[in-house]
Amino acid sequence: MSSYPLTRLRRTRATAWSRALHREVLVTPADLIWPLFVTEGQGVEDPILSLPGVSRWSVDGIVARAKEAVALGIPCLALFPNTQPDRRSENGEEALNPDNLMCRAIRAIKDACGDDIGVLTDVALDPYTSHGQDGLIDDAGYVLNDATVEVLVGQSLNQAAAGADVIAPSDMMDGRIAAIRQALEDAGHANVQIMSYAAKYASAFYGPFRDAVGSSGLLKGNKKTYQMDPGNAEEALREVEMDLAEGADSVMVKPGLPYLDIAVRVKEAFGVPVFAYQVSGEYAMIEAAVAAGAADRDAMVLETLLAFKRAGCSGVLTYHAAHAARLMGA
C-alpha cells in the first residue's frame, strides 16, 4: 500500500454516495428475526414494563404481527409463550399439549401467511415448569440432562406437527440436537430446520425476557449448571462443533453484543450460518439510553445490527426488528 499523501483513506468518505459505494457490510430486513411473546385471550396486547415498546400478544395479535412482518420483508418470527400459572407444572407437561399456546400460534400464522414467513420455535421447558428451570429437576434442584432431552424431543415433534419451520433448542442439554434431529427424520419432518442455541451463556442480560414469559418470579436457583460460563470461549467452539456434528443446520450465540467475539470465532472456525440474539437486556439498555436523552434510537439500532453483520452473523434476533425494517425501507 502506498503512503500518505498518495493514499488518503478519507477520500472515499467525503460524500454520502461514496460512503455507500464502499460500505463493506449492509443490513436488510431479510437479516432479521422478530421475537414475539404469545399470551392467552382474544384481542390482547399486554405491554411488558421491563421491555418498553414490546408487548405480549394473543394469537390474533400474533397473526397481525406476522402479516406486518411479511409486509416489511422480515423473513422469520421467533415465538415464546407466556404460559398461564395453572398450566405450569413440575415436569412441564404443557409443552407436550398439541393445543398449547405455542402450537395454536404456529397454526394460526401458517393458516394466515403460509410459507410467506418462517416460524422459529423455542424448545426448552422454562415457559412450562413451575420452578422456572429449562428442564426436569431432581430433589436437590439439579437439572437432569437425559430425562430432559426425552421431553424436549416430544416438545419438538409437537411444534413440528403444528407447522414450525425451525426448531430452536435453547435448553443447553447435552445430546439434544442428535435426539431431536433423529426424531424429526423418523416422523417425516426432514425439512424442519434446527437452529441450535449452541453458545448460550449464563448471562445477566436475560431479566426482561423472564418477565415476558412469566418465569422470573418462579425461578429457583440459577442456570449455571447448564448455560455457559461467561468467561469461556474455547468451550463455545466445542459446543458448536458438537451440535453441528449432531445435525444442527445453524447455530446461535446468545447474548449478542457482549459476545461478538464468540460469533466471530464460530464463523471463522466453522463457516456455517451463525445467528445472534440481541437479548432483552440489550434492548432495554438501548431504550433506557433513549429515554434518558443519551442516545438516538434509530442510529443505535442500525449501528448495533451492523456490528452483528460485521462479526459474520447471517442474521439477528432483535426486538427492534420491525422498527429497523421500517428504517431500512425509509
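Report follows, based on the coordinates. Treat the numbers as computed from the prediction; the structure is a model and nothing was measured. (Residues numbered from 1 in each chain as written. Predicted model: local features only at pLDDT ≥ 70, side-chain atom pairs only at ≥ 80, totals over all residues. Heavy atoms only, no water.)

1. Some words on the overall build of the protein chain
Stated precisely, the cut-off is as follows: Think of it this way: any DSSP run of H or I at least four residues long counts as a helix, any run of E at least two long counts as a strand, and we number them from the N terminus. Note on method: radius of gyration uses C-alpha positions; expected globular size equals 2.2 Å times residues raised to 0.38. With a 1.4 Å probe rolled over the protein chains alone, any residue whose accessible area is under 20% of its type maximum counts as buried; one over 50% counts as exposed, and the rest are partly exposed.
For the protein chain, the helix and strand inventory stands at 11 helices and 10 strands. Computed over C-alpha atoms, the radius of gyration of the protein chain comes to 20 Å, within 12% of the 20 Å expected from 2.2 N^0.38 for 330 residues, which places it in the range of a compact globule. By principal-axis analysis of the C-alpha atoms, the protein chain measures approximately 70 × 45 × 40 Å. Counting the 330 residues in the protein chain, one finds 52% classified as buried.

2. Brief notes about the pattern of salt bridges
Definition in use: Any Lys or Arg side-chain nitrogen found within 4 Å of a carboxyl oxygen on Asp or Glu counts as a salt bridge.
Counted according to the given criterion, the structure contains 18 salt bridges. Its salt-bridge partner being Glu-68, residue Arg-326 comes within 2.1 Å of it at the nearest N-O pair. Residue Arg-326 is found in helix H11 (residues 321–329), and its partner Glu-68 is found in helix H2 (residues 59–72); the two are separated by 258 residues along the sequence. In this structure Arg-326 comes out as partly exposed when scored by relative accessible area, which is 43%. Residues Arg-181 and Asp-249 are paired through a salt bridge, measuring 3.7 Å at the closest nitrogen-oxygen approach. Separated by 68 residues along the polypeptide, Arg-181 in helix H5 (residues 176–186) and Asp-249 in the loop between helix H7 (234–245) and strand E8 (250–254) bring together distant segments of the chain. Under the relative-accessibility criterion, Arg-181 is labelled buried at 11%. What you see here is one network of salt bridges that share partners, running through Asp-126, Asp-134, Lys-200 and Lys-223.

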